[in-house]
Amino acid sequence: MAELSSGFFAAERVVLSSGGPLYLQLKRWIEDAVHRGDINPGDALPSERDLAAKVDVSRVTVRKAVLQLVKDGVLVQRHGSGTFVAPQTQRVEQSLSQLTSFTEDMARRGMAVRAEWLDRGLYLPSPEETVTLGLSQGEYVARISRLRLTGDTPLAIERASLSARILPDPEAIGDSLYRHLDKSGNRPIRAIQRIRAANLGEEDAQLLQVAVGSAGLNIERTSYLASGRAIEFTRSIYRGDTYDFVAELRLGDAPTKETSHD
Ligand code: 16G
C-alpha cells in the first residue's frame, strides 16, 4: 500500500468536484489525477481505509469508485498487494477496408507480435461451420484458437475455423495463418466482417488480462477465395481499450435530376 504521507495522496486537502453521487466525484478525481500524470502506471493507491479518511467519505464509497475504475481499465487490483494505476496500453488502429492479417497489421506499426496457442486440431464441424464454410458431408474442420499479443500485452483472442481440405495440418501453421494459406495459394481475397460490442466473460477477460465485464469488441470474419468459396470463419474478441477500427467514408454519387419524381 502507498504511504499517505508521500506523493500525490499526501496533499493537504482533497476537493471533490461538487454535484452527482460521491463515488462518481471520487472516481473523477482519481481519473483526472491519472490523466494529468499526478499518479502514474504502476503507482499504488492508498488502502481503502486511508483513502476514505483522507477524502472524508465512507469506505463503501471508495470501494464503489475503485470498482468502477477497475472496470474502466484505469486501475488494476492484485490479490494481496493492493490497487494500482493500470499499465498504459498503446492503441492500435486497423483499417476496415483492407483485408490484412494480424501479423501484417502489427508489422506495419513496427510492433513485435506473437501468438499463444490455445487449441489447434481437426474436429467434426458444427452445423454453423458446415453452413458458413459450405462443407460437404464427412468433411472435417480445422479449428485454431490463439491469443494474439504484442510484447506482453494481449490484444485479441482469435478462434478460426477452416475446411480441413484447405488446412489439413493445423500444426504446420507458423506465426501467421494468412502466410501459411498464401503458400498453398489459398489466401482469402475478400471478407465480410461483423463487429459488435461485448462485455468480456470470465474466461476471455482472464486471457486478455482485464476485469470481467470490461468492454470488448466481438468480430466475426468470413473470408473468401477468388472462386467465391468461403475459406475462413473467425470469431475474434479484441480488448476494447487497445483497438480502434478506422473506416474511410466517401460521399456517394450525388442524386441526378433525372431521378426526381415529378
Ligand atoms: C486477423 C483476422 C483474422 C485472421 C488473422 C490472420 C480480424 C478481425 N481478424 O486478425 O480473421 O485469421 O488476421 O492473422 O481482423 P495471421 O496471418 O497473423 O495469423
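Our subject is the structure listed above.
Residues numbered from 1 in each chain as written. Predicted model: local features only at pLDDT ≥ 70, side-chain atom pairs only at ≥ 80, totals over all residues. Heavy atoms only, no water.

### Details of the packing of helix 2 (residues 48–55) against helix 3 (residues 59–71)
Then, in step 1: Interhelical geometry of helix 2 versus helix 3 gives an angle of 110° and a closest axis separation of 8 Å. Relative to helix 3, helix 2 is oriented roughly perpendicular. Every pair of crossing elements has a handedness; the one defined by helix 2 and helix 3 is right-handed. Contacts between helix 2 and helix 3 involve E48, R49, L51 and A52 from the former and R59, V62 and R63 from the latter.
Then, in step 2: Class assignment for the residues of the contact of helix 2 with helix 3 results in three nonpolar, no polar and four charged. (Axes fitted to C-alpha atoms, helices over the stretch in contact; angles between N-to-C directions. Helix = DSSP H or I, 4+ residues; strand = E, 2+ residues; numbered from the N terminus. Parallel < 35°, antiparallel > 145°, perpendicular 65-115°, else oblique. Left-handed = near helix turned anticlockwise from the far one by under 90°. Contact = heavy atoms within 4.5 Å. Nonpolar A, V, L, I, M, F, W, Y, C, P; charged D, E, K, R; others polar.)

### Concerning the packing of helix 1 (residues 22–36) against helix 3
Then, in step 1: Their axes nearest at 8 Å, the elements helix 1 and helix 3 cross at an angle of 50°. It follows that helix 1 is oblique to helix 3 by the angle criterion. The interaxial crossing formed by helix 1 with helix 3 has right-handed handedness. Residues L22, Y23, L26, K27, I30 and E31 of helix 1 form the contact with helix 3, whose own contacting residues are T61, V62, K64, A65, Q68 and L69.

### Observations regarding the nonpolar core
When a protein is soluble and globular, its nonpolar side chains tend to lie buried together.
Then, in step 1: Grouped together as the largest cluster of nonpolar side chains are 22 residues, with contacts concentrated most on L26, W29, I30, L45, L51, V55 and L75.
Then, in step 2: Counting residues per element, the ones that place at least two in this core are helix 1, helix 2 and helix 3.
Then, in step 3: Of all hydrophobic cores here, the second largest spans twelve residues; its members include A160, L177, Y178 and L225. (Core = buried A, V, L, I, M, F, W, Y, C linked by side-chain atoms within 4.5 Å. Buried < 20%, exposed > 50% of the residue type's maximum accessible area, 1.4 Å probe, protein only.)

All we've got here are geometric facts, nothing functional implied.
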